[in-house]
Amino acid sequence: MTNLKIAIQAKGRLNEKSIELLRNAGITVNDSKRRLLTHAKGFPLDVLYLRDDDIPQAVAMGVADMGIVGRNEVAEKQFEVEETMPLGFGGCRISLAIPDRDDYTGLTYFNGKRVATSYPRILGDFFSRNGIEADVHTIEGSVEIAPTVGMADAIFDIVSSGATLVSNGLKEVESVFESEAVLISNPSLSEEKRKLASHLIFRLESIIESRDMKYMLMNLPADRVAEATAILPGMRSPTVLPLAQEGWCSIHVVIEESKMWDSIERLKAIGAEGILVITMENMIK
Ligand code: PRT
Ligand code: ZN
């Protein structure tokens, strides 16, 4: 039987979250990092552990059918792969940063400047789109120290909290590229693998969609149901069940976490009681 082969980061920032995502999709992978390739349980899947830099090429060449990698690597490497879906973790941006003490005068600041980065293509494209002529220096790793040691005037690097920039006497002046972990696919998968891939994608979509959703239930006087329904935008409409106590019912609804507290206050105001909020693992549409 054919197995789908997925490449994930062997170690680093995306490794654990990638394994956790697969686990939530009912797929257990043996997390032994000494092996390059392992069989998963719960899905016809082989997992290939690679450096993140190598994942776009592995998928483009068909060494792996799919991969989980930062969008930044996909954009920089420019191999022919499909971005199948964003995965909602590993969020970061790639930004231009300059020494703290410098005044930033806008993009023309970079004309004639030496900018160190591990993302020369993304940066080169950005500069040429904006008519900036800078000297792009490619360096791997520890980009943030380049200005201090005199290798560059500015840097273009991944930023998440910004703490690394601050501790190196730099300030972020332009955010150029937004990234997160994405699922990528080889564009010419066989029919059989495409089918397997669609099952995997279905599971991952269900997990990701349910991430920010909560399941909420409460008791409410039956004559307030219409008002509650107006407050609660559920997947369809809320489920309303009669309670043993005359004149009361129980309402169940799936709701976005961001809207939950506001709704709870309004529901209490119309007499809702015993409100329970439950975290969902999965929401199958
Ligand atoms: O060994 P391998 O080549 O596989 O790993 P790697 O060292 O190249 O990559 P790794 O594990 O550091 O990152 C993998 C992916 O995680 C990146 O390609 C991004 O898509 C994503 N990601 C998310 C990040 C960050 N957040 C991040 N903060 N990658 C790197 N950083 C670094 C950044 O380079 C800087 O040094 O963290 C520092 C900045 O963090 P803040 O919070 O101080 O701003
Ligand atoms: Zn890497």
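Look up: the structure comes first, before these words.
This report concerns the structure included in the present document. Bear in mind the structure is a predicted one, so any value in this text is a computation, not a measurement. (Residues numbered from 1 in each chain as written. Chains lettered and ligands numbered in written order. Predicted model: local features only at pLDDT ≥ 70, side-chain atom pairs only at ≥ 80, totals over all residues. Heavy atoms only, no water.)

1. Re helix α4 (residues 120-129)
Then, in step 1: Buried within α4 are the following residues: I122, L123, F126 and F127. Buried residues of α4, viewed axially, fall in a sector of 125 degrees; they line one side. Pointing more than 90 degrees away from the buried face of α4 are the exposed residues S128 and R129.
Then, in step 2: The inward-facing, buried residues of α4 abut α3 (71-77), β7 (92-99), β8 (114-117), β9 (135-138), β10 (154-159) and β11 (170-179).
Then, in step 3: G131, located one to two residues past α4, shows a positive phi value of around 65 degrees. (Buried < 20%, exposed > 50% of the residue type's maximum accessible area, 1.4 Å probe, protein only. Helix = DSSP H or I, 4+ residues; strand = E, 2+ residues; numbered from the N terminus. Arc of directions from axis to C-beta. Contact = heavy atoms within 4.5 Å.)

2. Quick word on the sheet that holds strand β4 (residues 45-50)
Then, in step 1: The mixed open sheet is built from seven strands, whose spatial order is β2-β3-β4-β1-β5-β12-β6. A single partner strand is all that each edge strand has here, and the edge strands are β2 (28-29) and β6 (82-86).
Then, in step 2: Strand direction decides the pairing type here: strand β3 (residues 37-41) and β4, joined by three bridges, are antiparallel. In the strand pairing of β4, H39 is matched with D46.
Then, in step 3: Sheet contacts for helix α6 (residues 191-210): β1 (4-9), β5 (66-70), β6 and β12 (181-185); angle to β6, the most-contacted strand, approximately 30 degrees. (Pairing = 2+ DSSP bridges. Axes fitted to C-alpha atoms, helices over the stretch in contact; angles between N-to-C directions.)

3. Some details on a nonpolar patch on the surface
Then, in step 1: There is a patch of nonpolar side chains on the surface, built from I145, V149 and M151 and spanning about 260 Å² of accessible area.
Then, in step 2: Inspection of the secondary structure puts V149 in the loop between β9 and β10. (Patch = residues over 30% accessible without salt bridge, like charges linked within 9 Å, V, L, I, M, F, W, Y side chains within 5 Å. Areas by Shrake-Rupley, 256 points an atom, 1.4 Å probe, with all protein chains shown as cover. Salt bridge = Lys/Arg side-chain N within 4 Å of Asp/Glu carboxyl O.)

4. Observations regarding the packing of aromatic side chains
Then, in step 1: Evaluation of the coordinates by the stated rule reveals five aromatic pairs.
Then, in step 2: On the numbers, 6.1 Å between centres and 45 degrees between planes, the contact of F126 with F127 is tilted. Neither residue differs from the other here; F126 and F127 are each classed as buried.
Then, in step 3: Following the ring pairs from residue to residue traces out a cluster consisting of Y104, Y109, F110, F126 and F127.
Then, in step 4: Note that K113 overlies the ring of Y109, its terminal NZ or CZ placed 4.2 Å from the centroid. (Phe/Tyr/Trp six-rings, centres within 6.5 Å; stacked < 30°, edge-to-face > 60°. Lys NZ or Arg CZ within 6 Å of the ring centre and 35° of its normal.)

5. A closer look at the side chain of Q9
Then, in step 1: Looking at the secondary structure, you find Q9 in strand β1.
Then, in step 2: With a relative accessible area of 9%, Q9 lands in the buried category.
Then, in step 3: Only 3.4 Å separates the side chain of Q9 from the backbone nitrogen of R13, close enough to count as a polar contact. (Polar contact = N/O pair within 3.5 Å; in protein donor to acceptor, adjacent residues only side chain to side chain.)

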